[in-house]
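Per-entry structural report
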Amino acid sequence: MEQKNGSSFTGFILLGFSDRPQLELILFVVLLIIYLFTLLGNTTIIALSHLDPHLQTPMYFFLSNLSFLDLCYTTSTVPQLLVHLRRADKSISFGGCVAQLFISLGLGCTECILLGVMAFDRYAAICRPLHYTVVMHPRLCALMASASWFIGFANSLLQTVLNFLVPRCGRNKIDHFFCEVPPLLKLACVDTTANESELFFLGVVILLIPVAIITFSYARIVRAVLRIKSSAGQRKAFGTCGSHITVVSLFYGTAIYAYLQPSNNYSQDQGKFVSLFYTIVTPMVNPVIYTLRNKDVTGAMKKVLCRDHDSR
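Residues numbered from 1 in each chain as written. Predicted model: local features only at pLDDT ≥ 70, side-chain atom pairs only at ≥ 80, totals over all residues. Heavy atoms only, no water.

**Digging into the overall build of the protein**
What counts, and what does not: Helix numbers and strand numbers start at the N terminus; a helix is a DSSP run of H or I with at least 4 residues, a strand a run of E with at least 2. For each residue, the accessible area found with a 1.4 Å probe, counting protein chains only, is set against the maximum for its type, and the residue is called buried under 20%, exposed over 50%, and partly exposed in between. Using the Shrake-Rupley algorithm and a 1.4 Å probe, accessible areas are obtained, with residue cover drawn only from the displayed protein chains.
Counting its secondary structure elements, the protein contains 11 helices and 3 strands. Order of helices (α) and strands (β) in the protein, N terminus to C terminus: β-α-α-α-β-α-α-α-β-α-α-α-α-α. Put simply, the protein has 312 residues, and 50% of those count as buried. As displayed, the protein offers around 15,300 Å² of accessible surface, 68% of which is attributable to carbon and sulfur atoms.

Okay, structure coming up:
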C-alpha cells in the first residue's frame, strides 16, 4: 500500500475497515452471504414478476424496478469491498472512484424517488380502487419509473462533478469502504461550506420530498383502510402497505443519517456501518419483506416451482 502513495499514483486508497483487521475476515464471510442472498432474492422477484401474469400489475412493475435497482446498487460496492477485505492493496483508480460515486449515488437517489412513487401507487390502489387502472396506466407507470431514474442520475451527475472539482492537494486516503460524498469532501484542502450546503439542499429535495409524499399517501391510506368493513380486506391492505413502510423506514432512516446531519457531527466509523446498512443490508432485506408478507408473491413462487417439478 505504501507504493500506491507515491507520486505516480493518482487514485485513492479506501481505508475501509483496515483499522479493525480482526473484523475483516468476519465481515468478508457475512457480507459474501448477504450479497449472495441479495442476488438470489431480487432476481427471484424480477423473474416472478415477468413469469406470472397475476403479478404483471403496476405494483409489481415498480417492485421489479426496485429489485433491479437493488441488484445494481449492491453490486456497485460489494464486490470491490470483498476484494479489499482479503487484500492488503486497497487502492482504487481515479476513474474507478468517479464511476463508483456516480453509479452508487445515482442508484441511491433513484431508490429515494421510486419509493415515493410506490407509495403513490398504493394510495391509488386503496383510496381510488375504481379508477386505479385508469390512474395507474402502463404508460404513466413507465413514465414515473423513467423519471425516477433520470432525476436520480441527473442529481448524481451534478454531485459527482462538483465533488471532484474540489482541490485535495494530494490527499488520497478515503476513510470509507467506497467512494461516497461525505468522506470525499473530508479530503478537501479548501473550505467546503458551499459544497456541504449544496449537498444538504439536494439531500432535502431528494430525501424529504419523497418522505412527505409517502407520509401524505399513507395518512390517506390509513383512513381509507379503516373504513373497510371486512377484516380480511383490512389485513390485505395493511399487509401490502406494511411491507412498503418497513422498506421505507430502513432505507430513509439510514440515508437521512448519512446525508442530512451537520458535517461536524459526522462520525466516520458510524458512517461506515450506516452505509453498510443502506447499501448492503437493505437490498437483501427488501425481497424478504415483500415475499414473506405477500401471498401473491409466495403463491407465484409455488406455481413456478410446481410447474418446473411437473415438467420433469
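Additional details are given in the paragraphs that follow.
**Here's the deal with helix H8 (residues 193-226)**
Structural remark: α-helix, 3.6 residues per turn; residues separated by three or four positions point the same way. Put simply, the test is: For a helix, the expected span equals 1.5 Å multiplied by the number of residues minus one. Fitting axes to the seven residues that end at a residue and to the seven that start at it, the angle between those axes gives the bend at that residue.
Relative to the 50 Å expected for 34 residues at 1.5 Å per residue, H8 spans 48 Å between its end C-alpha atoms, a close match to the ideal helical length. Maximum bend of H8: about 25°, positioned at leucine 208, with proline proline 210 one to four residues after it.

**As for the packing of aromatic side chains**
Convention followed: Between the rings of Phe, Tyr and Trp (Trp by its six-membered ring), a pair exists once the centres lie within 6.5 Å; its type follows the angle of the planes, with under 30 degrees stacked, over 60 edge-to-face, and the other angles tilted.
Applying the stated criterion across every chain, the model contains 13 aromatic pairs. For the pair phenylalanine 68 and tryptophan 149, a centre-to-centre distance of 6.1 Å together with 45° between the ring planes defines the contact as tilted. Linking phenylalanine 68 in helix H2 (residues 58-75) with tryptophan 149 in helix H6 (residues 138-164), this pair joins segments that are 81 residues apart in sequence. Residue classification places phenylalanine 68 among the partly exposed residues on the basis of a relative accessible area of 44%.

**Section: the confidence of the model for the protein**
The test is simple: By definition, pLDDT measures how confident the predictor is in each residue, and it falls between 0 and 100.
Of all residues in the protein, 90% attain a pLDDT of 70 or more, and the chain-wide mean is 85. Across the protein, H6 holds the top mean pLDDT of 94, while helix H11 (residues 295-311) sits lowest at 68.

**So, the side chain of histidine 176**
Put simply, the test is: Residues adjacent in sequence count toward polar contacts only when both atoms are side-chain atoms; beyond that, a polar contact is any pair of N or O atoms within 3.5 Å, and within protein one must be able to donate a hydrogen and the other to accept it.
Among the secondary structure elements, histidine 176 is positioned in the loop between strand E3 (173-174) and helix H7 (181-185). A polar side-chain atom of histidine 176 sits 3.0 Å from a polar atom in the side chain of glutamate 180. Engagement of the side chain of histidine 176 in a polar contact is seen with the side chain of serine 275, the distance being 3.2 Å.

**Remarks on unusual backbone geometry**
Leave glycine aside and you will find that most residues have negative phi; peptide bonds, for their part, are mostly trans. Look at cysteine 169: it is not a glycine, yet its phi comes out positive at around 55°. In this structure, cysteine 169 sits in the loop between H6 and E3.

**Thoughts on the packing of H2 against helix H4 (residues 94-127)**
The following threshold applies: Orientation is described by axes fitted as lines to C-alpha atoms, over the contacting stretch for helices, and by angles from 0 to 180 degrees between their N-to-C directions. Each angle receives one of four descriptions, namely roughly parallel if under 35 degrees, roughly antiparallel if over 145, roughly perpendicular if within 65 to 115, and oblique otherwise. Helix crossings are classified by the rotation of the near helix relative to the far one: an anticlockwise turn of less than a right angle makes the crossing left-handed, while a clockwise turn makes it right-handed. Residue contacts follow a heavy-atom distance rule, with two residues in contact if any of their heavy atoms lie within 4.5 Å. Residues are grouped as follows: Ala, Val, Leu, Ile, Met, Phe, Trp, Tyr, Cys and Pro are nonpolar; Asp, Glu, Lys and Arg are charged; every other residue, Gly included, is polar.
Closest axis-to-axis distance for the H2/H4 pair is 10 Å, and the angle between their directions is 165°. For the element pair H2 / H4, the angle class is roughly antiparallel. Once H2 is placed against H4, the crossing between them reads as left-handed. On the side of H2, the interface is formed by Pro58, Met59, Phe62, Leu63, Asn65, Leu66, Leu69, Asp70, Cys72 and Tyr73, while H4 contributes Ser104, Leu107, Gly108, Thr110, Glu111, Leu114, Leu115, Val117, Met118, Asp121 and Arg122. A per-class count over the contact of H2 with H4 returns 13 nonpolar, 4 polar and 4 charged.

**Details of the nonpolar core**
Formally: Only buried Ala, Val, Leu, Ile, Met, Phe, Trp, Tyr and Cys residues count toward a nonpolar core, and they belong to the same one when joined by side-chain atoms within 4.5 Å.
Counting 83 residues, the largest nonpolar core has Leu31, Phe62, Leu115 and Leu184 as its most contacted members. Per-element accounting of this core gives the leading share, 17 residues, to H4. In this view, leucine 115 contacts Leu66, Ile214, His244, Val247, Val248, Phe251 and Tyr252; residues no more than four positions away in its chain are not counted.

**A look at empty space enclosed by the protein**
Inclusion rule: Of the two site types, the cavity is a set of points on a 1 Å grid over the protein atoms alone where a 1.4 Å probe fits but cannot get out, and the pocket is an open set with protein on both sides within 12 Å along at least five of seven lines, each lined by residues with an atom within 4 Å of a point. Grid points are joined across faces, edges and corners, and a volume is the space filled by probe spheres set on the points.
Counted under the stated rule, the structure contains 4 cavities of 30 Å³ or more. Volume-wise, the largest cavity comes out at about 240 Å³. Along its surface, the largest cavity is lined by 23 residues, and Leu105, Gly108, Cys109, Cys112 and Tyr259 are the ones closest to its centre. For the lining of the largest cavity, the elements supplying multiple residues, two or more each, are H4, H6, H8, helix H9 (231-259) and helix H10 (268-292). Here the lining of the largest cavity gets 6 residues from one element, more than from any other, and that element is H4. Across the lining of the largest cavity, the residue classes break down as 16 nonpolar, 6 polar and 1 charged.

**So, the packing of H4 against H6**
Across the interface, H4 lies against H6 with an axial gap of 7 Å and an inter-helix angle of 145°. For the pair H4 and H6, the sense of crossing is right-handed. For the contact of H4 with H6, the per-class residue count stands at 19 nonpolar, 9 polar and no charged.

**Re the pattern of salt bridges**
Quick reminder of the rule: Basic side-chain nitrogens of Lys or Arg form a salt bridge, by our definition, when they fall within 4 Å of a carboxyl oxygen of Asp or Glu.
Considering all chains together, one arrives at 5 salt bridges under this definition. The salt bridge involving arginine 87 is made with aspartate 89; its shortest N-O contact spans 3.5 Å. Classification of arginine 87 by relative accessible area gives partly exposed; the value is 44%. Take aspartate 89: its relative accessible area is 23%, and that puts it in the partly exposed class. Note that aspartate 175 and lysine 272 form a salt bridge whose closest N and O atoms lie 2.8 Å from each other. Here aspartate 175 is found in the loop between E3 and H7, whereas its partner lysine 272 is found in helix H10, with 97 residues between them in sequence. A residue is classified by how much of its surface remains accessible, and lysine 272, at 1% relative accessible area, is buried.

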